[in-house]
Amino acid sequence: YFPLTTDLDIHFVQLGDFEEPDVRNMNIEEKWVTFLKDSDNKDKEEIVNKIIQENEAIRMAADLLKEVTSDEEMREKIWARDM
């Protein structure tokens with residue numbers, strides 16, 4: 001309950017408990033959570049792509065995610081760190 005700094009907020013979200021509303025009614029936090037939760041879900045690809053197109057910051061995150069995951073060496077490092 002103590003602020004770390006006036007320039008930083010940290011939010012914890014249980015992704016498993018999040019059920020996204022219709023993409024037209026999402027606020028920015030819901031869009032980020034949907035992107036984080038479903039960016040690799042083929043069933044939600046259309047929704048995630050719409051969110052990426054609507055928001056520049058999320059588009060930048062998606063581009064970075066593509067760059068990192070397309071590099072096999074980087075994927076292996078991430079997998080090793082997670083293990």
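Up top you'll find the structure we're talking about.
Conventions we followed
- Residues numbered from 1 in each chain as written.
- Predicted model: local features only at pLDDT ≥ 70, side-chain atom pairs only at ≥ 80, totals over all residues.
- Heavy atoms only, no water.
- Helix = DSSP H or I, 4+ residues; strand = E, 2+ residues; numbered from the N terminus.
- Rg over C-alpha atoms; globule rule 2.2 N^0.38 Å.
- Buried < 20%, exposed > 50% of the residue type's maximum accessible area, 1.4 Å probe, protein only.
- Contact = heavy atoms within 4.5 Å.
- Areas by Shrake-Rupley, 256 points an atom, 1.4 Å probe, with all protein chains shown as cover.
- Lys, Arg positive; Asp, Glu negative; His and termini not counted.
- Charge placed at Lys NZ, Arg CZ, Asp CG, Glu CD.
- Salt bridge = Lys/Arg side-chain N within 4 Å of Asp/Glu carboxyl O.
- 1 Å grid on protein atoms, 1.4 Å probe; cavity = no way out; pocket = protein on both sides within 12 Å on 5 of 7 lines; lining within 4 Å.
- Points joined across faces, edges and corners; volume = space filled by probe spheres on them.
- Nonpolar A, V, L, I, M, F, W, Y, C, P; charged D, E, K, R; others polar.

Engineer: Looking at this structure, I do not really get the overall build of the protein. What am I missing?
Structural biologist: Secondary structure summary: the protein contains 4 helices and 0 strands in total. Starting at the N terminus and walking to the C terminus, you meet the elements of the protein as α-α-α-α. For 83 residues, the compact-globule estimate of 2.2 N^0.38 gives 12 Å, and the protein exceeds it by more than 25% at 15 Å. Each principal axis of the C-alpha atoms in the protein carries an extent, and together these give about 35 × 35 × 25 Å. Looking at the protein as a whole, 18% of its 83 residues are labelled buried. Within the protein, residue pairs in contact and separated by at least 24 positions form 29% of the contacts whose partners lie at least 6 positions apart. Split by element, the accessible area of the protein, about 7300 Å² in all, is 52% carbon and sulfur. Charge separation in the protein, taken as the distance between the mean sites of 11 positive and 22 negative side-chain charges, equals 4 Å.

Engineer: Got a minute to help me understand the environment of glutamate 45 in this structure?
Structural biologist: Among the structural elements, glutamate 45 can be located in helix α2 (residues 45-54). Linking glutamate 45 and asparagine 25, residues 20 residues apart in sequence, is a C-alpha distance of 18 Å.

Engineer: Looking at this structure, how should I read the pattern of salt bridges?
Structural biologist: Side-chain pairing between opposite charges can occur once the charged atoms of the two side chains come close. Evaluation of the coordinates by the stated rule reveals 6 salt bridges. Salt-bridge contacts for glutamate 54 lead to lysine 31; the nearest nitrogen and oxygen are separated by 2.9 Å. One end of the pair, glutamate 54, is in helix α2; the other, lysine 31, is in helix α1 (residues 28-38), and 23 residues separate them in sequence. Given the relative accessible area of 41%, glutamate 54 is considered partly exposed. Notably, a salt bridge pairs glutamate 54 with lysine 50, separated by 3.7 Å at the nearest N-O pair. In this pair, glutamate 54 and lysine 50 are both assigned in helix α2, 4 residues apart and thus about one turn of the helix distant. Through salt bridges with shared partners, a single ionic network connects Lys31, Lys50 and Glu54.

Engineer: How do you make sense of the layout of surface pockets when you look at a structure like this?
Structural biologist: The method is simple in principle: a probe with the dimensions of a water molecule rolls over the atoms, and the space it marks as empty is what remains. When its volume is computed, the largest pocket comes out at roughly 500 Å³. Taken together, 18 residues form the lining of the largest pocket, with Phe35, Ser39, Asp40, Ala62 and Leu65 sitting closest to its centre. For the lining of the largest pocket, the elements supplying multiple residues, two or more each, are α1, α2 and α3 (56-70). By residue number, the principal contributor to the lining of the largest pocket is α3, which donates 7 residues. Residues belonging to the lining of the largest pocket are distributed by class as follows: 9 nonpolar, 4 polar and 5 charged.

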